[in-house]
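# Geometric and topological summary
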Amino acid sequence: MLEFKDVSYRYYTKEGETIVLENLNFVLEHGEFISIVGPSGCGKSTILNLISGLLKACSGEVKLNGRTLNGISNKVGYMLQHDHLFEWRTIWQNIMLGLQVQKKVDAESKDYAKTLLERYNLAEFKDYYPRQLSGGMRQRVALIRTLVLKPDLLLLDEPFSALDYQNRLKLSDDVFNMIEREKKTAILVTHDIAESISLSDRVLVLSGRPSRVTKQVNTNLRSLGTPLKRRKAPAFQMWFNEIWQSMQNQ
């Protein structure tokens, strides 16, 4: 579905040039869920911004479904660290916002939005305002707002980091189940190694700037079910240590 081929990106400031990514290569298959980890400032969020079309590579190619990405694609959905719900809009109005912007509001899209609300136990809150919901519920609303646009690829930029540990674990299960049920391909950026292993099929470890992929860990834990159950896998601690050691050796 997605291919990074010799992708480089540089930031330019008055002080000079900063090379963030240099000749970065990786692929993502349809239906796969991968996580990207690495040291702070290595360009994890830059990668998501390149995929979303918010940034353009200085060199190399980013391909989605075999086509070079040029600008923002409606095939890509982006879930950020903060939910960015509008406090003056109801939950229903927040969910419909993207459809309104893309001029896709019709009977079919409204029915799908209602189905998602019911499916993920938020239907009774559709007329509430964001301030009336918990942090975990707000993030589920944010994901539904993204899913209702029917993107092929979901980008998750540390969507659980603003929550306390207990709610973080619970929401990771909720988000994973939603992505699995809706049959979406996804990329998660996170600083949490345990989170990356428990959620994804494969973990990419990045080096410091200029970033490249230094290690790939295939977890293959889908048969164990939810992220919480995956954390009990016999190999879980081995993979954690492997990724941690790889990051420390950079």
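Rules and cut-offs
- Residues numbered from 1 in each chain as written.
- Predicted model: local features only at pLDDT ≥ 70, side-chain atom pairs only at ≥ 80, totals over all residues.
- Heavy atoms only, no water.
- Helix = DSSP H or I, 4+ residues; strand = E, 2+ residues; numbered from the N terminus.
- Buried < 20%, exposed > 50% of the residue type's maximum accessible area, 1.4 Å probe, protein only.
- Expected span 1.5 Å × (residues − 1).
- Contact = heavy atoms within 4.5 Å.
- Pairing = 2+ DSSP bridges.
- Axes fitted to C-alpha atoms, helices over the stretch in contact; angles between N-to-C directions.

### Details of unusual backbone geometry
- Of note, the bond from R209 into P210 is cis; its omega dihedral lies within 30 degrees of zero at -10°.
- On the secondary structure map, P210 appears in the loop between β9 (202–206) and β10 (213–218).
- We note that D6 has phi near 50°; this positive angle belongs to a residue other than glycine.
- One can find D6 in strand β1 (residues 2–13).
- Note on D6: relative accessible area 37%, which makes it partly exposed.

### What to know about helix α5 (residues 165–181)
- Relative to the 24 Å expected for 17 residues at 1.5 Å per residue, α5 spans 24 Å between its end C-alpha atoms, a close match to the ideal helical length.
- If you check which residues of α5 are buried, you get R168, L169, L171, S172, D173, D174, V175, F176, M178 and I179.
- The positive-phi residue at the C-terminal boundary of α5 is K183, with phi of around 55°.

### A few points about helix α4 (residues 135–147)
- The end-to-end C-alpha distance of α4 is 18 Å, a good match for the 18 Å that 13 residues give at a rise of 1.5 Å each.
- A large share of α4 lies buried, amounting to twelve of its 13 residues.
- Considered for burial, the residues of α4 that qualify are G136, M137, R138, Q139, R140, V141, A142, L143, I144, R145, T146 and L147.
- Buried positions along α4 lie against β6 (76–79), α2 (91–101), α3 (107–119), β7 (153–157) and α5.

### Points about the sheet that holds strand β3 (residues 33–37)
- Read across the open sheet, the six strands follow the order β6-β7-β8-β3-β9-β10; overall the sheet is mixed. A single partner strand is all that each edge strand has here, and the edge strands are β6 and β10. Here the average twist between neighbouring strands, direction ignored, is 20°.
- Note that β6 and β7 share four bridges and pair parallel. Residue pairing across strands places M79 opposite L156, the latter belonging to β7.
- Relative to β10, helix α8 (residues 236–248) is tilted by about 180°, and along the sheet it contacts β3, β9 and β10.

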